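# Architecture at a glance
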Amino acid sequence: MKNILRNAVQQRRQVLIDKLLKIGVFKKEDRHFYEWTLSDLEEENKFIETHGFDSTKGKLNQENQYLQ
């Protein structure tokens, strides 16, 4: 049972990381997304969906928090 849950968490983390990589986001504040917890990634994904992301500038449309 532990392995099933662990695998599900790892798969969900990878899906979220892939979404971030697809739009051109590789890290935030010198922390790569592979270092983040699932909760952190879920929160970040929700934030980006709400505020939008300009991949041509490598920054959020409103708050400019991302660096590429």
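Data block above holds the structure.
Below, the structure is looked at part by part. Throughout this description, residue numbers start from 1 for each chain and increase along the sequence as written. It should be noted that, the model being predicted, local features are given only for residues of pLDDT at least 70 and side-chain atom pairs only at 80 or more, the latter also being counted only at that level, while totals for whole chains, interfaces and linings use all residues. The basis for the side-chain values is all heavy atoms of the structure; hydrogens and waters are excluded.

## What about the overall build of the chain?
Helix and strand content of the chain: 2 helices and 4 strands. Throughout, exposure labels follow a simple rule: accessible area from a 1.4 Å probe, protein chains only, divided by the maximum for the residue type, with under 20% read as buried, over 50% as exposed, and the rest as partly exposed. Across the 68 residues in the chain, those meeting the buried criterion constitute 26%. Contacts were defined at the residue level, with two residues in contact if any of their heavy atoms lie within 4.5 Å. Contacts in the chain between residues at least 24 apart in sequence constitute 38% of all its contacts with a sequence separation of at least 6. Of the accessible surface of the chain, which amounts to about 5,100 Å², a share of 50% is contributed by carbon and sulfur atoms. Put simply, DSSP H or I for four residues or longer makes a helix, DSSP E for two residues or longer makes a strand, and each gets a number counted from the N terminus. Accessibility throughout is a Shrake-Rupley quantity obtained with a 1.4 Å probe, and a residue counts as covered only by protein chains that appear here.

## With respect to the nonpolar core
Here the nonpolar core consists of buried residues drawn from Ala, Val, Leu, Ile, Met, Phe, Trp, Tyr and Cys, with membership extended through side-chain atoms lying within 4.5 Å. Formed by L16, I17, L20, V25, F33, W36, L41, I48 and F53, the largest nonpolar core amounts to 9 residues. Only α1 (2-22) and α2 (38-51) provide two or more residues apiece to this core. Here the element with the most residues in this core is α1; it accounts for 3 residues.

## Structural notes on the pattern of salt bridges
Put simply, a salt bridge is a Lys or Arg side-chain nitrogen that is within 4 Å of an Asp or Glu carboxyl oxygen. Considering all chains together, one arrives at 5 salt bridges under this definition. A salt bridge links R12 to E42, with the shortest nitrogen-to-oxygen separation between them at 2.9 Å. You can see R12 sitting in helix α1 and its partner E42 sitting in helix α2, a full 30 residues away along the chain. Here R31 makes a salt bridge to D40, at a shortest N to O gap of 3.9 Å. Take D40: its relative accessible area is 29%, and that puts it in the partly exposed class.

## Examining α2
Counted at 1.5 Å a residue, the expected span for α2 with its 14 residues is 20 Å, and the 20 Å between its end C-alpha atoms agrees. Within the sequence span of α2, burial applies to L41, E44, N45 and I48. For α2, the arc enclosing every buried residue in end-on projection is 100°, short of the 170-degree limit, so these residues lie on one face. Structural note: α2 exposes S39, E43, K46 and T50 on the side pointing more than 90 degrees away from its buried face. With its phi angle positive at about 85°, G52 sits one or two positions after the end of α2. Residue count minus one, scaled by 1.5 Å, sets the expected span of a helix. Taking the helix axis as origin, the arc is that swept by the directions to the C-beta atoms.

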